[in-house]
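The primary structure of each chain is shown beneath.
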Amino acid sequence: MAEAADIQGMKHSPARRWLGRTGAVAAGVPLLAGLLGGLAAPQATAAGPAVSAATTEAVTASPAGAAAEPSGPSTVSVALDTLAPSAPTKGDTLTISGTVTNKSKKAVTDAQVDLRVGPQLNGRTAIDDAVERSNDTTYDPLPVGGKYKVEFDKLAPGISYDFALSVPVNKLGLGGDGVYQLGVTLTGRTAAEPYDHTLGVRRTFLPWQPEAVDTRTKFTYLWPLISTSHISAETGSDDQQTPVFENDDLAEELAPGGRLEQLVSLGSQLPVTWVVDPDLLATVVAMTEPYRVRDGNSTVAGKNQLVARSWLNSLEKAVQDNPHIVALPFGDPDLASLAHGGENVSGTLGHLQGSSEVAALTVESTLHVQPATDFAWPVNGAVDPSIVDVATSAGADKVISRSDSIQDNLPYTASAARPIGGGTTAVVSDTRLSTAFEGDVSTAGSSTLAVQKFLAQSLAVTLQDSSKQRNIVVAPQRTPSASQAQSMARALQGLDGQRWTQSSDLVAAAAAKPDTNATAKVPGASRYPDKLRDQELPPSAFEEIKGIDERLGKFKAILTLPDRVATPFANAVNRAISTSWRSDATGAREYRASVNRYLTSLSSEVQLIQKSELTLSGRSATIPVTVQNQLLQGVDHLVLRLQSTNKTRLKLDDGSAVTQQEIKIDGGHTQVVKFTGTANANGPVGLTAQLYTADGRPYGDPMSFQVRVSELTPTVMLVIAGGVLLLVLAGVKMYSQRKRAVAAKAAEDKSAADVAAEAGGDDETTDEAAENGDAQDSAPDEAAADDASPAQAPVAPPSAEEIPGDINGAEPGQPSDPTPDTRPESGDPSGKGEKVDR
């Protein structure tokens, strides 16, 4: 900024002017050279960056040369902690407090804090220029002087000292109405420069409008209640569908002192228009009841119900007193991302329509007031034709833009409302006022400077043309921090006197008569800021969301209670395209992935149980296929289709290769669906089972298994029967032959006994004959055995194990099918060797 300061008038600091005078009367070059060396530090400081009015402390530039000691306007930093009143009137006393800190390594002596009032600044551009020169001492007006100063004998290095100045306004020498630059300086002496000169300065602005103007500016300030996405797509299995939160961070924002608590507490006392994301309300309502928070792979109970209830009660009371509410579409969708990355992905814009419809219902049911739902708010108010088209496609006919997007070339700030064609109104917010608190205002000094700058700009708008009343809209950052909200509130409180502004609301500002001289043309796509475009969701994100939509559609089609999943997933998809993901691309990807995983896990609860190879013995049999439903609700409108890969070998049901049955399964049940198969030839046959929705879309993965056909034909059965009959006949014949041989032997023995009795032989003869008779008795048997052929041998009746099985070696005794509808016991595949019943 040193170059800029030099160009504007080529003015130099007091120290350099003093150098010029000294050089004119100096007697020698060595002395001049020595003085020039002593001024190296101030020159290096001037080359440092300028400090904006929103910065707490002055920037210390590195001195030229490693051994140089800082000296000049940045040797001492000056911070202004308070300035009250921020917009004084006649008779007020201006009080300024702050600190001065010696940033050098040596003491500053004869230090003095003074208040200096600069000239009146003419217009808004002059205020901007003054901000750029806030640390420049090229021009320092005379101090107020007198007793209105604070003196320090010495400022030790690195030590901060408090000061306070109280000056009656009539001592400031203010002239006509307008904005004045106000400076607090620290003068003193250093070892390197033992003369009084400025060592530190802090400038701010003082709006001076002691009496109300005839025509005040209508002033609309948007007060956003928006947060990031916190709820996942997952819900509990209970009747209440207990929500599962990704984290419990929202509790910190709702708790006393938190960001959202401060917004509600401060906004309840201000004339603002609430801009609400209905998703935030729905999330807080969910927190008022039992909820779960994700903790790794499990969930834990949420514990912040009281915090949520307290915040919700405070908000409800606040909006009853100030019912000006604008409801954004549910989840605050990123309109620019939808326009640039999602417009060409089918189904994407349908989410915006749905999120707009649910917005009013959510706000009304929660806060019991009716919001305006016809406003769209692109990020930073940046628009192009495609963004406007997307915004209006969901029913919004008013688009909140910003003056750095729809730019005017006028000597004054025009009213916000601009008709941009097609019945759409662009509500153009003021860029300077809307961005006034985007910086770091976490300290009292930075907040004070931001507030004074804001008030100065607002007065400058009114003074541009006091004869023309205009409607000015301020649209600050979407998610202001607690400190930013406090600074915003202080600024609005500075307008309480309504000397140059009067409060209005967004609906009235949009309906106001537009300025015919103002620009009403939407800038082209090439003017959309590259920085904002780089933050948008990529087209791949919308392709992922399209895939989620398709899977969700199939899943809902089979459910008896589809609303239990339709609402949570619809809200989750809306959250997946939220504007809040612009600052967290990684979080956006993880959120979409979590929604996808959960939907996939739910869908897989309805599945086919894998089967092992089946054996079909016989000409026809039933083929069972098991469908499992592990959901807590029933499924309907589902079709199970079975297809044979070889119609010639195995036909199904009516003789075709494909057959199907409609199924309906209660929650937590398993159903066995039976199909009839008819075999024509032996061998393996592949079967494929697949679930379909009623409209013919495949549901889940197909399940393939094999059936081995081993049919026993009539010819084979006849041959087997003939063989058995021959064996039976052979046995009967052998039995008859044996019986006749035994009878013949008995008759022969009887004849021999009769002959012996008639002969009357002695005992020895009788004994010998008896012995010979025994031998003869056994001889016929042995002879009979020797003479018998193999076909005549006795055969025992065949046992059960010896009866031949089927010709393909099928094992007997296969299990029967389970009952058609059972409670699920196991989802494991069926056992090997399963055989179907006929």
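Everything numeric in this text was worked out from a predicted model, so none of it was measured.

**A few points about helix α7 (residues 259-267)**
- Burial of α7 is extensive: seven of the nine residues sit out of reach of the surface.
- All of the buried residues in α7 are R259, L260, Q262, L263, V264, L266 and G267.

**A closer look at the sheet that holds strand β5 (residues 160-168)**
- Pairing in this open sheet of three strands is antiparallel, and the strands run β1-β2-β5 from one edge to the other. Looking at strand neighbours, the two that pair on one side only are β1 (76-84) and β5, the edges of this open sheet. Strand after strand, the sheet turns through a mean of 20 degrees between neighbouring axes, direction not considered.

**Looking at the nonpolar core**
- The biggest cluster of nonpolar side chains holds 76 residues, and the ones touching the most others in it are F555, F569, V625, L640, L642, L691 and F705.
- Leave out the neighbours within four places in its chain, and F705 touches Q610, K611, S612, L614, I623, V625, L642, V685, G686 and L687.

**Describing the packing of aromatic side chains**
- Taken as a whole, this structure holds eight aromatic pairs when the rule is applied.
- Seen from their ring centres, W581 and Y591 are 5.6 Å apart, and the 40 degrees between their planes marks the pair as tilted. You can see W581 sitting in the loop between α19 (563-576) and α20 (585-603) and its partner Y591 sitting in helix α20, a full 10 residues away along the chain. Each member of the pair, W581 as well as Y591, carries the same accessibility label: buried.
- The cationic tip of R641 hangs over the ring face of Y692; the distance from NZ or CZ to the ring centre is 4.0 Å.

**Side note on the pairing of strand β24 (residues 635-644)**
- Bridge count between β24 and strand β26 (residues 658-665): seven bridges; the pairing is antiparallel. By the bridge assignment for β26, L642 is matched with T659.
- When β24 meets strand β28 (residues 683-693), the two strands line up antiparallel, connected through seven bridges. By the bridge assignment for β28, Q643 is matched with T688.

**Considering the side chain of E536**
- Along the polypeptide, E536 turns up in the loop between α17 (530-534) and α18 (539-557).
- In contact with E536, other than residues within four places in its own chain, are A336, S337, H340, Y528 and R582.

**Some remarks on the side chain of S580**
- Relative to the assigned elements, S580 resides in the loop between α19 and α20.
- At a separation of 3.0 Å, a polar atom in the side chain of S580 contacts the side chain of S578.
- Not counting residues within four places of it along the chain, the set of residues in contact with S580 comprises S227, T228 and S229.

**A few points about the sheet that holds strand β15 (residues 375-376)**
- In spatial order, the strands read β15-β16-β18-β17; together these four strands make up an open sheet with mixed pairing. Unpaired on one side and paired on the other, β15 and β17 (417-421) mark the two borders of the sheet.

**Quick look at the pattern of salt bridges**
- Summed over the entire model, instances satisfying the criterion amount to 20 salt bridges.
- Across the salt bridge formed by R575 and D279, the nearest N and O atoms sit 2.8 Å from each other. Remark: D279 occurs in helix α8 (residues 278-287) and R575 occurs in helix α19; sequence separation between them is 296 residues. For the residue pair R575 and D279, the accessibility class agrees, reading buried in each case.
- E613 is the partner of R708 in a salt bridge, and the nearest nitrogen-oxygen pair spans 3.7 Å. Within this pair, whereas R708 is found in strand β29 (residues 698-709), its partner E613 is found in the loop between β21 (606-608) and β22 (614-616), the two being separated by 95 residues in sequence.
- A network of salt bridges, in which partner residues are shared, links D110, R189 and D196.

**Quick notes on the environment of G423**
- Position of G423 relative to the elements: it lies in the loop between β17 and β18 (424-429).
- The spatial distance from the C-alpha of G423 to the C-alpha of T392 is 9.7 Å, given a sequence separation of 31 residues.

**Re unusual backbone geometry**
- The omega angle of the peptide bond from A84 to P85 is -10 degrees, so this bond is cis rather than trans.
- Positive phi is not limited to glycine here, since Q241 has a value of about 50 degrees.
- Within the fold, Q241 resides in the loop between β9 (231-235) and β10 (243-245).
- One non-glycine residue, H637, adopts positive backbone phi at about 55 degrees.
- Residue placement: H637 occurs in strand β24.
- We classify H637 as partly exposed; its relative accessible area is 48%.

**What to know about the packing of α18 against α19**
- Two elements in contact, α18 and α19, have axes whose closest approach is 11 Å; the angle formed by their N-to-C orientations is 175 degrees. One element, α18, and the other, α19, form an angle in the roughly antiparallel class. Contact with α18, carried on its side by I545, I548, D549, L552, F555 and K556, involves V565, A566, F569, V573 and A576 of α19 and no other residues of that element.
- Looking at the contact of α18 with α19, its residues break down into nine nonpolar, no polar and two charged.

**Remarks on the confidence of the model for the protein**
- Mean pLDDT for the protein: 82, with 79% of residues reaching 70 or above.
- Here residues 831-838 scores under 50 on pLDDT; set against residues more than four positions off or in separate chains, the count is 35 contacts.

**Notes on the environment of S467**
- Relative to the helices and strands, S467 resides in the loop between α14 (444-464) and β19 (471-474).
- Separated by 253 residues in sequence, S467 and D214 have C-alpha atoms that sit 7.7 Å apart.
- In this structure the side chain of S467 is engaged in a polar contact, spanning 2.6 Å, whose partner is the side chain of D465.

**Some words on α20**
- Look at α20: 27 Å from first C-alpha to last across 19 residues, which is about the 27 Å you get at 1.5 Å a residue.
- For α20, the full list of buried residues reads G587, A588, Y591, R592, S594, V595, Y598, L599, L602 and S603. All buried residues of α20 fall inside an arc of 165 degrees around its axis, so they share one side. Structural note: α20 exposes E590 and R597 on the side pointing more than 90 degrees away from its buried face.
- Here the buried face of α20 lies against β9, α18, α19, β21 and β29.

**So, the packing of α8 against helix α11 (residues 348-367)**
- Where α8 contacts α11, the axes come no closer than 9 Å and their chain directions differ by 45 degrees. Looking at the two axes, α8 sits oblique to α11. In terms of crossing hand, the pair formed by α8 and α11 is left-handed. The residues of α11 that touch α8, namely those facing P278, L281, A282 and V285, are A359, T362, V363, T366 and L367.

Calculation notes
Residues numbered from 1 in each chain as written. Predicted model: local features only at pLDDT ≥ 70, side-chain atom pairs only at ≥ 80, totals over all residues. Heavy atoms only, no water. Buried < 20%, exposed > 50% of the residue type's maximum accessible area, 1.4 Å probe, protein only. Helix = DSSP H or I, 4+ residues; strand = E, 2+ residues; numbered from the N terminus. Pairing = 2+ DSSP bridges. Axes fitted to C-alpha atoms, helices over the stretch in contact; angles between N-to-C directions. Core = buried A, V, L, I, M, F, W, Y, C linked by side-chain atoms within 4.5 Å. Contact = heavy atoms within 4.5 Å. Phe/Tyr/Trp six-rings, centres within 6.5 Å; stacked < 30°, edge-to-face > 60°. Lys NZ or Arg CZ within 6 Å of the ring centre and 35° of its normal. Polar contact = N/O pair within 3.5 Å; in protein donor to acceptor, adjacent residues only side chain to side chain. Salt bridge = Lys/Arg side-chain N within 4 Å of Asp/Glu carboxyl O. Parallel < 35°, antiparallel > 145°, perpendicular 65-115°, else oblique. Nonpolar A, V, L, I, M, F, W, Y, C, P; charged D, E, K, R; others polar. pLDDT = per-residue confidence, 0-100. Expected span 1.5 Å × (residues − 1). Arc of directions from axis to C-beta. Left-handed = near helix turned anticlockwise from the far one by under 90°.

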